[in-house]
Amino acid sequence: RFIAKPCAINLGIQDSGPHRAQPNAILEKVFTSITKSPDGKRLEGLSKQLDWDVRKIQRWFRHRRNQDKPTTLTKFCESMWRFTFYLSIFFYGIRFLWTAPWFWDTRQCWYNYPFQPLTSRLYYYYILELAFYWSLMFSQFTDIKRKDFLIMFVHHLATIGLITFSYVNNMVRVGTLVLCLHDASDFLLEAAKLANYAKYQRLCDAFFMLFGVVFIVTRLGIYPFWILNTTLFESWELIGPYPSWWLFNGLLVTLQVLHIIWSYLIIRTASKALVRGKVSKDDRSDVESSSEEEDVTSNSTKGIFSTSSNGSNRLNGHVAGGQWTGE
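Residues numbered from 1 in each chain as written. Predicted model: local features only at pLDDT ≥ 70, side-chain atom pairs only at ≥ 80, totals over all residues. Heavy atoms only, no water.

Chemist: Can you help me understand the overall build of the chain in this one?
Modeler: Across its full length, the chain carries 12 helices and zero strands. For the chain, the N- to C-terminal ordering of α and β elements is α-α-α-α-α-α-α-α-α-α-α-α. Each of the 327 residues in the chain was classed as buried or not, and the buried ones make up 52%. (Helix = DSSP H or I, 4+ residues; strand = E, 2+ residues; numbered from the N terminus. Buried < 20%, exposed > 50% of the residue type's maximum accessible area, 1.4 Å probe, protein only.)

Right, here's the structure in full:
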């Protein structure tokens with residue numbers, strides 16, 4: 001309210017929502033009581049009943065589906081909040097771990113386990129991360145549903161489960177490594193979204209490409225060969241099998257499976273960007289594109305991005321059409 005909104009206004013982001021559908025009692029009744037996306041047969045029937053062109057009715061339903069979505073200003077403020085948190089917690093984690101012996105030697109995570117002290121800095125690091133992921137868990141149900149809703153739900157469950165489980169079992173040393181590693185790329189994605197909403201195309205593309213590189217290096221390289229190596233093999237060697245070993249590593253492996261899925265989506269988006277010359281559409285994007293986008297792209301070939309009306313996660317460019325909209 002006091003920081004993000006003034007920044008957005010200074011960047012020229014207006015607090016205006018998508019085009020609203022013109023009032024129509026018949027279509028409104030169909031929309032609220034029957035279907036939000038009528039099929040061809042129903043469209044033909046409505047066309048005859050209203051004496052409207054089918055295309056006009058389709059446009060009305062698009063406008064109606066999108067008119068309640070958050071504005072670009074709202075999405076910018078949300079992304080700026082997440083960017084601030086991710087960036088702050090990442091640098092806090094790096095600063096804290098830089099002097100921690102287990103950051104340089106992962107075997108230190110298991111020496112003298114479970115009799116390892118819990119310092120106040122470590123405690124607050126854990127509590128802040130846990131609180132944030134709980135907030136993401138709840139807000140996911142109020143946001144517009146996205147294609148990766150189920151994946152994100154599983155991710156939040158696994159993350160909350162891991163943070164809680166590792167805290168209860170005093171596995172906080174290896175837990176800090178997992179948290180810091182995951183925070184390394186998240187603030188870059190939020191930065192790309194901020195550039196998207198502000199319509200800085202090149203900056204948006206640069207941040208997204210940097211995000212993709214960091215994400216793949218950390219999640220497909222460092223995570224399995226550094227984190228999973230110590231939890232699967234070094235822990236077994238130093239403290240032996242313990243009753244919760246399978247659950248703990250099962251959650252960590254679940255995260256790795258999600259990393260592989262997201263890396264595929266990122267690579268596919270990046271490959272499309274190389275072909276088209278700019279980041280096109282985030283494969284995590286909303287189930288519904290904005291009505292403005294659909295109207296423009298149906299009549300013009302300008303632009304690949306859109307000013308979607310979702311509530312959180314995408315990249316945008318010169319908004320003449322298109323769609324790396326978002327989250």
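Chemist: When you look at the packing of aromatic side chains in this model, what are you seeing that I'm missing?
Modeler: Given two aromatic rings, one states the distance between the centres and the angle between the planes to describe the pair. Inspection of every chain in the model, using the stated rule, returns 27 aromatic pairs. Their ring planes at 55° and their centres at 5.7 Å tell us that Tyr92 and Tyr125 sit as a pair that is tilted. Highlighted residues: Tyr92 in helix H5 (residues 72–98) and Tyr125 in helix H7 (residues 120–139), separated in sequence by 33 residues. By relative accessible area, Tyr125 is classed as buried at 0%. Note on Phe103 and Trp104: the rings are 4.9 Å apart at their centroids and 85° apart in plane angle, and the pair reads as edge-to-face. Residue classification places Phe103 among the buried residues on the basis of a relative accessible area of 17%. Chaining the aromatic ring pairs together yields one cluster made of Trp81, Phe85, Tyr86, Phe132 and Tyr133. (Phe/Tyr/Trp six-rings, centres within 6.5 Å; stacked < 30°, edge-to-face > 60°.)

Chemist: Could you clarify how one ought to interpret the nonpolar core in this entry?
Modeler: The nonpolar side chains of a soluble globular protein tend to be buried, and buried together. In this structure, Leu97, Met171, Tyr223 and Phe248 are the most contacted members of the largest nonpolar core, which totals 55 residues. Listing elements by their share of this core, those giving two or more residues are H5, helix H6 (101–104), H7, helix H8 (149–168), helix H9 (172–197), helix H10 (201–239) and helix H11 (245–276). The dominant element in this core, judged by the number of residues it contributes, is H9, at 12 residues. If sequence neighbours within four positions are ignored, Met171 has contacts with Trp110, Tyr113, Tyr126, Phe165, Ser166, Tyr242, Ser244 and Phe248. By size, the runner-up hydrophobic cluster in this structure holds 10 residues, among which are Leu27, Leu43, Leu46 and Phe61. (Core = buried A, V, L, I, M, F, W, Y, C linked by side-chain atoms within 4.5 Å. Contact = heavy atoms within 4.5 Å.)

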